[in-house]
Amino acid sequence: MDDIEAIKQLKARYFRYLDTKDWDRYRSVFTDDVVIDVTGSSGGVYVGLDAYMDYILGYVSRLRTVHHGHMPEITLISSTRATGVWSMEDRVLLADGREMNGQGHYFETYEKRDGEWRIQEMALTRLRIHAGGESDWQTSSIDRSRTL
Amino acid sequence: MDDIEAIKQLKARYFRYLDTKDWDRYRSVFTDDVVIDVTGSSGGVYVGLDAYMDYILGYVSRLRTVHHGHMPEITLISSTRATGVWSMEDRVLLADGREMNGQGHYFETYEKRDGEWRIQEMALTRLRIHAGGESDWQTSSIDRSRTL
Amino acid sequence: MDDIEAIKQLKARYFRYLDTKDWDRYRSVFTDDVVIDVTGSSGGVYVGLDAYMDYILGYVSRLRTVHHGHMPEITLISSTRATGVWSMEDRVLLADGREMNGQGHYFETYEKRDGEWRIQEMALTRLRIHAGGESDWQTSSIDRSRTL
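Residues numbered from 1 in each chain as written. Chains lettered and ligands numbered in written order. Predicted model: local features only at pLDDT ≥ 70, side-chain atom pairs only at ≥ 80, totals over all residues. Heavy atoms only, no water.

## Quick word on the relation of the copies chain A and chain B
Its rotation angle being 120°, the transformation that places chain A on chain B also includes 0.0 Å of axial translation and leaves an RMSD of 0.0 Å. Each copy turns onto its partner about a three-fold axis. Across chain A, the smallest distance between a C-alpha and the rotation axis is recorded for A:H70, namely 4.1 Å. (Least-squares fit on C-alpha atoms with pLDDT ≥ 70 in both.)

## Description of the interface of chain B and chain C
Contacts between chain B and chain C engage 26 residues on the former and 27 residues on the latter. Summed over both sides, the interface between chain B and chain C buries roughly 2200 Å², with carbon and sulfur atoms accounting for 51% of that surface. One can count 4 salt bridges joining chain B with chain C. Here C:K8 ties to B:E5 by a salt bridge, and the two come within 2.7 Å at their closest N and O atoms. Broken down by element, the side of chain B that touches chain C gets its largest block of residues, 8 residues, from helix α1 (residues 3-19) of chain B. Residues of the side of chain B that touches chain C, tallied by class, amount to 7 nonpolar, 7 polar and 12 charged. (Contact = heavy atoms within 4.5 Å. Buried area = accessible area lost by both parts, 1.4 Å probe. Salt bridge = Lys/Arg side-chain N within 4 Å of Asp/Glu carboxyl O. Helix = DSSP H or I, 4+ residues; strand = E, 2+ residues; numbered from the N terminus. Nonpolar A, V, L, I, M, F, W, Y, C, P; charged D, E, K, R; others polar.)

## Description of the pattern of salt bridges
Applying the stated criterion across every chain, the model contains 45 salt bridges over all chains. Across the pair A:D22 and A:R25 runs a salt bridge, and its minimum N-O distance is 2.8 Å. What makes A:D22 buried here is its relative accessible area of 11%. Overall, A:R25 belongs to the partly exposed group, its relative accessible area being 24%. Put simply, C:E99 and A:R128 hold a salt bridge, and the shortest N to O gap is 2.7 Å. Here C:E99 is found in strand β5 (residues 99-113), whereas its partner A:R128 is found in strand β6 (residues 116-131) on a different chain. Taking relative accessible area as the criterion, C:E99 reaches 23% and is therefore assigned partly exposed. By sharing partners, the salt bridges in this structure join A:E89, A:R91, B:E89, B:R91, C:E89 and C:R91 into a single network. (Buried < 20%, exposed > 50% of the residue type's maximum accessible area, 1.4 Å probe, protein only.)

Pasting the structure below:
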């Protein structure tokens, strides 16, 4: 399997472990020093895997979710470093019983360590979030994409 | 085209022939001895292509459908055998006029016979089914994914 | 990166530049003599990139959009020519405040010129369009797919 396909499957496992609440395997897709910005998804900025997993286990793990990633743009920078953009959609059953449906993009970097590709940086931006019958069209995907 | 890409395009044709009601070509993506479990989609377990096509032609063919597959995880086991997991979403116009929207996963095996990859086993599991204004969050995808 | 992956990433940029309103880069994914049929999306048939961009800048640029492409079937015809089918879904915030959600297919050809793959022909067909609380199940995807 080539590196681009390996990174696509890494992100596929990210999504599958997240939605099937397989937290030990979910941890394994990230580097220990991962930096994650999910301010586009009611989260914060987390430096290090332990800080991020505290957020996941303390909040996201109690929600039911579906996440889909689309049209990956993976670019190899070196034999151990790559960047990626993924379009995305998610559905979340919120704690108050409402469902959220959103669309946006992941902007990521990957590192190959000990022979395995892992997510090293991940930022989630948004085009649209729909909840409670109303849509909020956002610009964070537009702003971030233009920096590429 | 490498084997992983060939299997992705096989499944792409599965989806396209299904939604465009192209039944002769739809048959051609399966082995004759395919085993299909669509209990996650108001169907049953079908052993052999003829039994499955009876279900398709007697029920599914009368419905309007959209099926999308996402983030394939294709693993080659040998030069003629592979496994795959696909995340999925579908929309179905039911016989009573309601629309169903669902999300889940396909768990599959593929065999290469006479130089062509075909689907040999296919099971559809679910995370969520929405119909009639209500969502049913299910666990069959969660249960099945954890066996991998 | 092989040609099939390069064409997938070309179409990924098509979608990202469209939804992030990055019009100079959006232009760059097409050949100058592109032929585009978006009658399946409230548009027309446009011969040449200037004619198409007049439509985009005069109408689509004022709307908020999300477009996702799925399950690409890319076929290389020669070292400089390829065909593709993509399943798709879009969400559009219409000028009257309603949201549209649709599904269908892109049927495309690509040409490699000056070392870069570009879209040379693009036709959008539909399975379903939902707006104002009602779904219109269409047949243009069915009709076009059967010609392949």
